[in-house]
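# Observations on the three-dimensional arrangement
What follows is each chain in one-letter form.
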Amino acid sequence: MDDRGVILTCPTCGQRNRVPYGRSAKCGHCGSALPATNEQIEVPSAAAFDALVKDSKLPVVVDFWAPWCGPCRMVAPELAKVAAANAGRYAIVKVNTEALPELGDRYGIRSIPTMAVFSGGKEVARTSGARPAAPIAEFVRQAAGR
Ligand SMILES: [Zn+2]
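What you see is a predicted model; the values in this text were computed from it and never measured.

### Comments concerning the packing of aromatic side chains
- This model, assessed by the stated rule, comprises four aromatic pairs.
- Here the aromatic rings of Phe-49 and Tyr-107 are separated by 5.7 Å at their centres, their planes lie at 65 degrees, and the arrangement is edge-to-face. Of this pair, Phe-49 sits in helix H1 (residues 46-55) while Tyr-107 sits in the loop between helix H3 (101-106) and strand E6 (114-119), and the two are 58 residues apart along the sequence. Side by side, Phe-49 and Tyr-107 carry an identical accessibility label, which is buried.

### Describing the sheet that holds strand E5 (residues 91-96)
- Overall, mixed pairing links the five strands, which are arranged E3-E5-E4-E6-E7 in an open sheet. Every interior strand has two partners, whereas the edge strands, strand E3 (41-42) and strand E7 (122-128), have only one.
- For strand E4 (residues 60-65) and E6, the ladder comprises five bridges, and the chain directions are antiparallel. By the bridge assignment for E6, Val-61 is matched with Val-117.
- The strands touched by helix H2 (residues 70-85) within the sheet are E4, E5 and E6, with E5 carrying the most contacts at an inclination of about 160 degrees.
- The strands that helix H4 (residues 133-144) touches are E4, E6 and E7; relative to E6, the one it contacts most, it runs at about 30 degrees.

Calculation rules
Residues numbered from 1 in each chain as written. Predicted model: local features only at pLDDT ≥ 70, side-chain atom pairs only at ≥ 80, totals over all residues. Heavy atoms only, no water. Phe/Tyr/Trp six-rings, centres within 6.5 Å; stacked < 30°, edge-to-face > 60°. Helix = DSSP H or I, 4+ residues; strand = E, 2+ residues; numbered from the N terminus. Buried < 20%, exposed > 50% of the residue type's maximum accessible area, 1.4 Å probe, protein only. Pairing = 2+ DSSP bridges. Contact = heavy atoms within 4.5 Å. Axes fitted to C-alpha atoms, helices over the stretch in contact; angles between N-to-C directions.

Right under this line is the structure:
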């Protein structure tokens, strides 16, 4: 992932393809449909985050976390379930607030895990604290309207 899109590996031929955020795509080599970006993507930079939030056609769910945070480790597998069940409805990304403190500062993240939903380039909802997949999905559904 960078400021223009994510790199997906074709499941058929192994070709790596650049896919703009929030779109589905076909492999440039063999034409196979590429999987929706249902894996949790670790945001590598503030610039990539800004591009994602601005350009994504889908609502973006952001998990603000840090490696030392125990509850964050409990949330990760729950979020993975939500991502797998909702591929194509919204994008889920992770922001490591230790690696990218400027994003944590900018959004005033005071406790983690915090989940925020961005839609149309703006934050529309946020919630803090660990919880299971079903309440996470419900939070996103209400925030994103889907
Ligand atoms: Zn291919």
